[in-house]
Amino acid sequence: MHQASDVEAELASHRERLLRWLLDDALPLWWSVGADRAGGGFHEAIDLAGRPVRAERRARVQARQIFTYSVGGELGWTGPWREAVAHGLDYFVGRYRRPDGLFWNALSVTGEPIGSAPHLYEQAFALLALATASGVAAAPPAAEIMAEAIAERLYAERRGIAGGFTGFSDEQVYQSDPHMHLLEAALAWERIAPDGPWRRLADEVVELCLTRFISPQHGGALLEYFDSTWAPAAGAAGHAIWPGHQFEWAGLLERWALAREGRDDIRTVARRLYDIGMRHGIDAARGVAVFELASDFSVREPKTRLWVQTEWLKAAMILARSENDPQRRRGYLGDAVAATKALTLFLDVPLRGLWRDKLLDDGTWVEEPAPASSFYHIIDALRVLAQSPTVGGNQ
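By convention here, each chain's residues receive numbers from 1 onward along its written sequence. In keeping with the model being predicted, local features are shown solely for residues with a pLDDT of at least 70 and side-chain atom pairs are shown and tallied solely at 80 or more, while totals for entire chains, interfaces and linings include all residues. Hydrogens and water are ignored here; the side-chain numbers use all heavy atoms of the structure.

**Some points on the side chain of Asp177**
Note the cut-off: We count a stretch as a helix when DSSP gives it H or I for four or more residues in a row; a strand needs E for two or more, and each element gets its number in order from the N terminus. When accessible area is computed with a 1.4 Å probe and restricted to protein chains, residues below 20% of their type maximum are described as buried, those above 50% as exposed, and intermediate ones as partly exposed. When charges are counted, Lys and Arg contribute as positive and Asp and Glu as negative, whereas His and the chain ends are disregarded. When a carboxyl oxygen of Asp or Glu lies within 4 Å of a side-chain nitrogen of Lys or Arg, that pair is called a salt bridge.
Summarising the element assignment, Asp177 is placed in helix H6 (residues 177–192). Arg60 is the oppositely charged side chain nearest to the buried, salt-bridge-free Asp177, at an N-O distance of 6.8 Å.

Following this line, the structure appears as structure tokens:
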């Protein structure tokens, strides 16, 4: 086992290198090339030659880029992060917000709203963007009003018959994933507006996670797809286990538990989810976390994606920061070192500031433009990494 000082030193080296990449390369490139100065908002992708990709624009991407530049300001980027946030907000609120207070899912290439019913996933990211911008005093004064309008609509019109909320791309298949991002957004808003509906929303999502999403029949793993009663969906979909989401939920449950006066029972659940991801979801040969497991924890989909590595890193750091046992903390920090190495694989492209998104089981890459949607995952992981503790005491 590494000595604690060795792990810390290695992690500090990775942290410095990744933050320099973020501040010197990624944030400037995605502002200079990724922002659409003529039409507003942000492009969906940049190809590996450094050219923006003209495509349908999902609301989640606009919201995530607002989040990204808000966090970029927090992390000390000296570029025009306030301008970037304002640029994104003007376009997002002006073009995606519907008369009912919810947000369209996407705009067509020509800028028209795509007329499908608003998805829960998109509303969650609208909430997160508004909260994050508000947290750095860059959001419009009406941001809290807009956020509460979303919550009001969800409670009034999108309640599921067995709890949670509806609003999925396939209304026959309910999903845990959008609820995870609702929890993330509710926790962000709870810090800013403690008198709002956010504590109730966060608590309801956590309860749904504990009673429905986590399955004792699947070894305590968290599942992805369900029917309207929150029973696992029919067929293979109902048995899908995503290591990245074991990690992501672990980090969120830990944060929720600490905000609720250290709920040790929930912290135990968070560590169990994390352990499932670590025991079954890491491919030692490639040094990465895989995308999907089957119900027996065998690897169903060895192809993996960038975001899975960022959630591995983020969860390892969140658990390390709150862990009192020195040996377990060293273990989490060692995991974080491995996760930074996995993330670095995806960032190793000729044009610094871009990334690859999909790694195949034979170690080759899917050659495609770098998706803007990944930046939210990267910068949030680096924000947690930047808060790295020292082994031996909580911070």
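**Some words on the confidence of the model for the chain**
Which entries qualify depends on this criterion: The predictor's confidence in any single residue is recorded as pLDDT, a number from 0 to 100. Residue contacts are defined here by distance: any two heavy atoms, one from each residue, within 4.5 Å place the two residues in contact.
Residues at a pLDDT of 70 or more form 97% of the chain, whose mean pLDDT is 95. This model gives residues 390–395 a pLDDT under 50, and the stretch forms 19 contacts once residues within four places in sequence are excluded.

**Some thoughts on the pattern of salt bridges**
This model, assessed by the stated rule, comprises 30 salt bridges. The closest approach of N and O atoms between Arg383 and Glu74, which form a salt bridge, is 3.4 Å. A residue pair is termed long-range when its members are at least 10 positions apart, and Arg383 in helix H12 (residues 374–386) and Glu74 in helix H2 (residues 59–74) qualify at 309 residues. Given a relative accessible area of 18%, Arg383 falls into the buried group. Overall, the relative accessible area of 43% leaves Glu74 in the partly exposed class. Of the charged contacts, one joins Arg305 and Asp357 as a salt bridge, the two residues approaching to 3.0 Å between their closest N and O atoms. Of this pair, Arg305 sits in strand E13 (residues 304–305) while Asp357 sits in the loop between helix H11 (326–347) and strand E14 (358–359), and the two are 52 residues apart along the sequence. Overall, Asp357 belongs to the buried group, its relative accessible area being 2%. Through salt bridges with shared partners, one network takes in Glu254, Asp264, Arg267, Arg271, Glu323 and Arg328.

**What to know about the packing of helix H7 (residues 198–213) against helix H8 (residues 243–259)**
Short version of the rule: Axis definition: a line fitted to C-alpha atoms, limited for helices to the stretch in contact. Angles are taken between N-to-C directions and run from 0 to 180 degrees. Our angle categories are set so that under 35 degrees counts as roughly parallel, over 145 as roughly antiparallel, 65 to 115 as roughly perpendicular, and the remainder as oblique. Crossings are assigned a handedness: left-handed for a near helix turned anticlockwise from the far helix by less than a right angle, right-handed for a clockwise turn. In this classification, Asp, Glu, Lys and Arg are treated as charged, Ala, Val, Leu, Ile, Met, Phe, Trp, Tyr, Cys and Pro as nonpolar, and every other residue, Gly included, as polar.
Running from N to C, H7 and H8 cross one another at 130°; their axes reach a closest spacing of 11 Å. Taken as axis vectors, H7 and H8 run oblique relative to one another. In terms of crossing hand, the pair formed by H7 and H8 is left-handed. Taking contact as the criterion, the partners of Ala202, Asp203, Val205, Val206, Cys209 and Phe213 in H7 are, on H8, Trp249, Leu253 and Trp256. For the contact of H7 with H8, the residue count by class is eight nonpolar, no polar and one charged.

**Focus on the layout of surface pockets**
What counts is decided by this rule: A cavity here means a set of points on a 1 Å grid, drawn over the protein atoms and nothing else, where a 1.4 Å probe fits but cannot get out; a pocket is an open set with protein on both sides within 12 Å along at least five of seven lines, and a residue lines either one if it has an atom within 4 Å of a point. Grid points are joined across faces, edges and corners, and a volume is the space filled by probe spheres set on the points.
When its volume is computed, the largest pocket comes out at roughly 680 Å³. What lines the largest pocket is a set of 37 residues, among which Arg58, Arg60, Tyr121, Asp177 and Arg305 lie closest to the centre. Mapped onto the lining of the largest pocket, the elements with two or more residues apiece are H2, helix H4 (120–135), H6, H8 and H12. Class assignment for the residues of the lining of the largest pocket results in 13 nonpolar, 12 polar and 12 charged. By volume, the second largest pocket is sized at about 560 Å³. Considering the residues around the second largest pocket, the lining is formed by 27 residues, among which Arg191, Arg255, Asp380, Arg383 and Val384 are closest to the centre. Counting only elements with at least two residues in the lining of the second largest pocket, the list comes to H2, H4, H6, H8, helix H10 (306–322) and H12. If one sorts the elements of the lining of the second largest pocket by residue count, H8 sits on top with six residues. Classifying every residue of the lining of the second largest pocket gives 10 nonpolar, seven polar and 10 charged.

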